[in-house]
Amino acid sequence: MVLFMVLGAVVAFIVVFYMFFQSTIQQQKHTHHMIREKQYYSMDEVRKHSTDGDLWIVVRYGSEARVYDITEYADMHPGGDVIFNSGGSDATEKFNGPQHPPTVHDLIDEYWIGWVGQPPESVDLTRAKEE
């Protein structure tokens, strides 16, 4: 009887440890994207990321073209492998399709890594003062 209680306690400990470990891994993955400094990318660079192990997409919001690294999300996509059809390209039209709920914009935000294009030119304040 004591042996069963000990085994039960060991199994319970393993389950709780596993759940804690999985939760920690998920938090680290999400934190990685949240603290990653956003950069500017060319479409040529985005096109290089079109495989199941390295998947980026572009979604346009007006004139702003955002780049998302959805590599970690792709396997969780409720629509299955169809997400890979948009890899390395502008996925705006498919992303805004009727199959996605409005909350998809909130979900994808954590995978936002930057923009398509060139960074805005910085203003030379010393030169502006001279003029």
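This structure is a prediction, so every number in the text was calculated from the model and none was measured. (Residues numbered from 1 in each chain as written. Predicted model: local features only at pLDDT ≥ 70, side-chain atom pairs only at ≥ 80, totals over all residues. Heavy atoms only, no water.)

Undergrad: Let's hear about the nonpolar core: which residues, and what values?
TA: Among the nonpolar cores identified, the biggest contains 15 residues, and Ile 57, Tyr 68, Ile 70, Ile 83 and Ile 108 are the most heavily contacted of them. Secondary-structure elements contributing two or more residues to this core are β3 (54-61), α3 (71-74), α5 (104-108) and β6 (112-116). If we skip the residues at most four places from it in the chain, Ile 57 touches Arg 66, Val 67, Tyr 68, Ile 70, Ser 86, Gly 87, Ser 89, Ala 91 and Ile 108. The next biggest cluster of nonpolar side chains, apart from the first, holds eight residues, and it includes Tyr 41, Val 58, Ala 65 and Ile 113. (Core = buried A, V, L, I, M, F, W, Y, C linked by side-chain atoms within 4.5 Å. Buried < 20%, exposed > 50% of the residue type's maximum accessible area, 1.4 Å probe, protein only. Helix = DSSP H or I, 4+ residues; strand = E, 2+ residues; numbered from the N terminus. Contact = heavy atoms within 4.5 Å.)

Undergrad: Could you give me a rundown of the pairing of β3, with the residues and numbers involved?
TA: Sheet topology places strand β2 (residues 50-51) next to β3; two bridges connect them, and they run antiparallel. Bridge pairing in β3 places Thr 51 opposite Asp 54. In this structure, β3 lies alongside strand β4 (residues 64-69), joined through six bridges in antiparallel fashion. By the bridge assignment for β4, Arg 60 is matched with Ala 65. With antiparallel pairing between neighbouring strands as the criterion, β3 and β4 make up a hairpin whose turn holds two residues, including Gly 62 at a positive phi of roughly 65°. Here β3 pairs with strand β5 (residues 89-90) via two bridges, running parallel. Bridged to Val 58 within β5 is Asp 90. (Pairing = 2+ DSSP bridges.)

Undergrad: I'd like a description of the confidence of the model for the chain, backed by residues and values.
TA: Should pLDDT be low for a region, the predicted coordinates there are not to be read in detail. In this model, the chain carries a mean pLDDT of 79, and residues with pLDDT of at least 70 account for 66%. Low pLDDT, under 50, characterises residues 127-131; the stretch is placed with zero contacts to residues that sit more than four places away or in other chains. (pLDDT = per-residue confidence, 0-100.)

Undergrad: Give a description of the pairing of β6 that names residues and reports values.
TA: Burial within β6 is extensive, with four of its five residues counted as buried. With three bridges connecting them, strand β1 (residues 39-41) and β6 associate as parallel partners. Its bridge partner lying in β6, Tyr 41 is registered against Val 116. One ladder, built from three bridges, connects β4 with β6; its direction is antiparallel. By the bridge assignment for β6, Arg 66 is matched with Trp 115.

Undergrad: Run through the pattern of salt bridges, naming residues and quoting values.
TA: Tallying each qualifying case throughout the model produces five salt bridges. For Asp 44, the salt bridge identified is with Arg 47, shortest N-O distance 2.8 Å. Of the two residues, Asp 44 and Arg 47 both sit in helix α2 (residues 43-47), three residues apart, roughly one turn of that helix. Using a relative accessible area of 54% as the deciding quantity, one classes Asp 44 as exposed. Overall, Arg 47 belongs to the partly exposed group, its relative accessible area being 47%. For Arg 66, the salt bridge goes to Asp 109, with nearest N and O atoms at 3.8 Å. You can see Arg 66 sitting in strand β4 and its partner Asp 109 sitting in the loop between α5 and β6, a full 43 residues away along the chain. In this structure Arg 66 comes out as buried when scored by relative accessible area, which is 18%. With relative accessibility at 37%, the residue Asp 109 sits in the partly exposed group. Put simply, Glu 64, Arg 66 and Asp 109 are held in one network by salt bridges that share partners. (Salt bridge = Lys/Arg side-chain N within 4 Å of Asp/Glu carboxyl O.)

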